[in-house]
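Close look at the chain arrangement
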Amino acid sequence: MSISYPDILEQMVTVARRAGVLTQEHFKRFRELEIGVKGPGDFVSDADRESEKLIRAGLFALFPNWSLTGEEFAPVEGSDREHRWLVDPIDGTTNFLNGLNYSITISLRRGNQTMCGLIYDPVADEMFTALKGGGAFLNGEPMRVSTSTDVAMMCVGTGLPTPNLSLHPGAYARLDAIRAPIGAVRIVGSAANSCAYVACGRLTGYFEETGFVDTAAGILMVEEAGGIVTDWWGRGPEVFERTGVLIVANPATHAYLLDHLNGVPRKDPAGGRD
């Protein structure tokens, strides 16, 4: 079977927009939503589950034999293990539950490569897309990372844990290590949106401990937009899948973050210490 990834990406966009309509209906009454707790500071709502059900149904209608890993339900192992959808039906659930921008992200993996992906912000109606070897786009317009090299103008995104700081050792120390000379630090509240903002130049860089389902599409976007993606030890995205610690940035900000983040000791999940 011949596979056209540009055509598949267009179909993914259609599914994501449908999920955006559904989630926005919940978003309009965010103060009334029933909230569940998956873990410390990790919330879920009916909107998350309904959005993932809709996305799963839409994707499996296209390719029923492919595999899928989502945030809210058990993975589906299809007869085709080479192709796998990665789905986060609402990335930034805490934002969503408080009436702030969130995102829907879908990516398609073939083996160990992300072939295409999208990040959709239904609040702003911004559709970020990327195709391996085919560029990155915001609402159809090409994206490039910021060309700024001035440390004083760097605008860096991150996330900060509030409960169970032991799960994220050094988070506040790392913030302190990078903040003094740079222009600004921003907490977007969605890992996917943070990656998209690097790809389009709103942020010059972003670092956080986060998940691959949330960021697979964003990683591809940053790479296609001319940015650099590594873990905190300078190793490529394939290592980030194991370590869960991510830097996406333009070249100058990446060099700055790599240098300063390594100054705060943290156990390396892939083995050893930095």
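Here, every reference points to the structure presented above.
The present account deals with the structure reproduced in this document. No experiment lies behind these values; they were computed from the predicted model shown. (Residues numbered from 1 in each chain as written. Predicted model: local features only at pLDDT ≥ 70, side-chain atom pairs only at ≥ 80, totals over all residues. Heavy atoms only, no water.)

The next subject is the pattern of salt bridges. Once the charged atoms of two side chains with opposite charge are near each other, the side chains can pair. Considering all chains together, one arrives at 10 salt bridges under this definition. The partner of E82 in a salt bridge is R110, with the nearest N and O atoms 3.4 Å apart. Of the two residues, E82 is situated in strand β4 (residues 80-91) and R110 in strand β5 (residues 103-110); the sequence distance between them amounts to 28 residues. Owing to a relative accessible area of 41%, E82 belongs among the partly exposed residues under this scheme. Note on R110: relative accessible area 36%, which makes it partly exposed. (Salt bridge = Lys/Arg side-chain N within 4 Å of Asp/Glu carboxyl O. Helix = DSSP H or I, 4+ residues; strand = E, 2+ residues; numbered from the N terminus. Buried < 20%, exposed > 50% of the residue type's maximum accessible area, 1.4 Å probe, protein only.)

It is worth spelling out the environment of I247 at this point. Note that I247 resides in strand β14 (residues 245-249). Along the sequence, I247 and I219 sit 28 residues apart, while their C-alpha atoms lie 9.4 Å from each other. Once residues within four sequence positions are removed from consideration, I247 is found in contact with Y206, F207, I228, V229, T230, D231, W232, H254, L257, L258 and L261. (Contact = heavy atoms within 4.5 Å.)

Of all hydrophobic cores here, the largest spans 33 residues; its most connected members are F128, M221, L246 and V248. Among the secondary structure elements, those contributing two or more residues to this core are β7 (126-131), β8 (135-138), α5 (191-199), α6 (212-224) and β14. With eight residues, α6 is the largest single contributor of residues to this core. (Core = buried A, V, L, I, M, F, W, Y, C linked by side-chain atoms within 4.5 Å.)

Let's shift gears to the pairing of β7. Most of β7 is tucked away: six of the six residues are buried. Along β7, one buried face is formed by E126, F128 and A130 and the opposite face, lined by M127, T129 and L131, is buried too. Here strand β6 (residues 113-121) pairs with β7 via six bridges, running antiparallel. By the bridge assignment for β7, G117 is matched with A130. As consecutive antiparallel partners, β6 and β7 are separated by four residues, and within that stretch D125 has a phi angle of approximately 55 degrees, a positive value. Pairing of β7 with β8, which is carried by four bridges, proceeds in the antiparallel orientation. Residue pairing across strands places T129 opposite F137, the latter belonging to β8. Hairpin connection of β7 to β8: three residues between the antiparallel strands, including G133 at a positive phi of 80 degrees. (Pairing = 2+ DSSP bridges.)

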